[in-house]
Amino acid sequence: DQQVKQNSPSLSVQEGRISILNCDYTNSMFDYFLWYKKYPAEGPTFLISISSIKDKNEDGRFTVFLNKSAKHLSLHIVPSQPGDSAVYFCAASGKGGTSYGKLTFGQGTILTVHP
Amino acid sequence: EPEVTQTPSHQVTQMGQEVILRCVPISNHLYFYWYRQILGQKVEFLVSFYNNEISEKSEIFDDQFSVERPDGSNFTLKIRSTKLEDSAMYFCASSEQLGEKLFFGSGTQLSVL
């Protein structure tokens, strides 16, 4: 299932700099997108989401950008902190009815923020 | 902050045995889900549950799987006759409204020998 793809398995960033994590999707029925963070031995933790009617959503240090024409979204973390080091998952859900709870996940990107 | 609780954290079972994975969703949430992640693979949707019935299920969720909300707080996933390929981390999740962010538990690592 390649409907949601995170092509970078890992990303290494210096503390204080910007981290940019990317995600591509192929299913045009997706209209709600989420980013989750996951530490080892824990479940995914919700970070931020965006509806397809928007192209940007911001929450503190986290901003998600959505480019519907390119079927691409990105998560920006500014400034990056060592505690941000985790696996980041992009997820998407489809239009209408019960499909909103059915998330399709990407493979994840391991972010390492160096002090 | 309220959280989704899953027990046990690890479960080892023999092939062919039945297992029940337990979850306590966040108390005011109405929608419940099970996902799983096989080692090295993506997190996959299994089933969603609302108003005491299954809302949606994936192809993975065959007749060997069932879910139940036996009381007002617990949400369980039963695998009737486990197979080796059922070995995975199973995550329970809940949400207050459909379409809103899902809150995940820490998972149950199921190992089928």
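The structure this text deals with has already been given above.
Presented here is an overview of the structure given in this document. Position labels on residues start from 1 in each chain and follow its written sequence. Chains carry letters and ligands carry numbers; both start at the beginning, A for chains and 1 for ligands, and go up in the order they are written. The predicted nature of this model means local features are confined to residues of pLDDT at least 70 and side-chain atom pairs, given and counted, to a pLDDT of 80 or more, with totals for whole chains, interfaces and linings taken over all residues. Hydrogens and water molecules were not included; the side-chain quantities draw on all heavy atoms of the structure.

Secondary structure summary: chain A contains 0 helices and 11 strands in total. Radius of gyration: over C-alpha atoms. The globule rule applied is 2.2 Å multiplied by the number of residues raised to the 0.38 power. A compact globule built from 115 residues should have a C-alpha radius of gyration of about 13 Å, and chain A, at 14 Å, falls within 12% of that. Overall size of chain A, expressed as C-alpha extent along the three principal axes, is 45 × 30 × 20 Å. Here, residues are in contact when the closest pair of their heavy atoms is within 4.5 Å. For chain A, the share of sequence-separated contacts (at least 6 apart) that also reach a separation of at least 24 residues comes to 55%. The Shrake-Rupley method, run with a 1.4 Å probe, gives the accessible areas here. Residue values count only the displayed protein chains as cover. Carbon and sulfur atoms make up 52% of the accessible area of chain A, which totals about 5,300 Å². For the purpose of charge, His is not counted, nor are the chain termini; Lys and Arg are scored as positive and Asp and Glu as negative. Note on charges: their place is set at NZ of Lys, CZ of Arg, CG of Asp or CD of Glu. If the 11 positive side-chain charges of chain A are averaged to one point and the 9 negative ones to another, these points end up 5 Å apart. The helix and strand labels rest on DSSP assignments: H or I over at least four residues marks a helix, E over at least two residues marks a strand, and numbering proceeds from the N terminus.

Residues with no salt bridge and a relative accessible area higher than 30% make up the patches, which join like charges within 9 Å and nonpolar side chains (Val, Leu, Ile, Met, Phe, Trp, Tyr) within 5 Å. Any carboxyl oxygen of Asp or Glu within 4 Å of a side-chain nitrogen of Lys or Arg constitutes a salt bridge here. There is a patch of nonpolar side chains on the surface, built from Ile-18, Ile-20 and Val-78 of chain A and spanning about 220 Å² of accessible area. With respect to the secondary-structure elements, Ile-18 of chain A resides in the loop between strand E2 (10-14) and strand E3 (19-25).

All names here are of chain B. We call a pair of cysteine sulfur atoms a disulfide when they lie within 2.5 Å. Inspection of every chain in the model, using the stated rule, returns 2 disulfides over all chains. Note that Cys-23 is cross-linked by a disulfide to Cys-92, the S-S spacing being 1.9 Å. Taking the sign of the S-S torsion, -65° for the link of Cys-23 and Cys-92, the bridge is left-handed. With a gap of 69 residues between them, Cys-23 in strand E3 (residues 19-24) and Cys-92 in strand E9 (residues 88-95) connect regions that are remote in the sequence.

For the rest of this paragraph, the subject is the sheet that holds strand E7 (residues 65-68) of chain B. All names here are of chain B. Paired strands, in this sense, are two strands between which DSSP finds at least two bridges. Read across the sheet, 4 strands follow the order E1-E3-E8-E7 without closing on themselves; strand pairing throughout is antiparallel. Looking along the sheet, the strands with just one partner apiece sit at the ends: strand E1 (5-7) and E7. The sheet shows a mean angle of 20° between the axes of neighbouring strands, taken without regard to direction. In this structure, E1 lies alongside E3, joined through 3 bridges in antiparallel fashion. Following the sheet pairing, Thr-7 is matched in E3 by Arg-22. Fitting a line to C-alpha atoms yields each axis, with helices limited to the stretch in contact; the angle taken between N-to-C directions then spans 0 to 180 degrees.

Our next topic: the packing of aromatic side chains. Note on ring pairs: Phe, Tyr and Trp rings are taken, using the six-membered ring of Trp, and paired if centres are within 6.5 Å. Classes follow the plane angle, with under 30 degrees stacked, over 60 edge-to-face and the rest tilted. By the definition in use, this model includes 16 aromatic pairs over all chains. A ring pair is formed by Phe-91 of chain B and Phe-104 of chain B, whose centres lie 6.4 Å apart and whose planes are at 85°; its orientation type is edge-to-face. Separated by 13 residues along the polypeptide, Phe-91 of chain B in strand E9 and Phe-104 of chain B in strand E10 (residues 103-104) bring together distant segments of the chain. Here Phe-104 of chain B falls in the buried class, since its relative accessible area comes to 9%. Joined through ring pairs, the aromatic side chains of Tyr-36, Phe-46, Phe-89 and Phe-105 of chain A together with Tyr-35, Phe-45, Phe-91 and Phe-104 of chain B make up one cluster. Relative accessible area decides the class of each residue, using a 1.4 Å probe on protein chains only: under 20% of the type maximum gives buried, over 50% gives exposed, and in between gives partly exposed.

Here we come to the side chain of Arg-36 of chain B. Residues and elements named next belong to chain B. Looking at where Arg-36 falls in the secondary structure, it is placed in strand E4 (residues 31-37). Residue classification places Arg-36 among the buried positions, given a relative accessible area of 8%. When residues no more than four places from it in sequence are discounted, the contact partners of Arg-36 are Lys-42, Val-43, Glu-44, Leu-46, Ile-60, Phe-65, Glu-85, Asp-86, Ala-88, Met-89 and Tyr-90.

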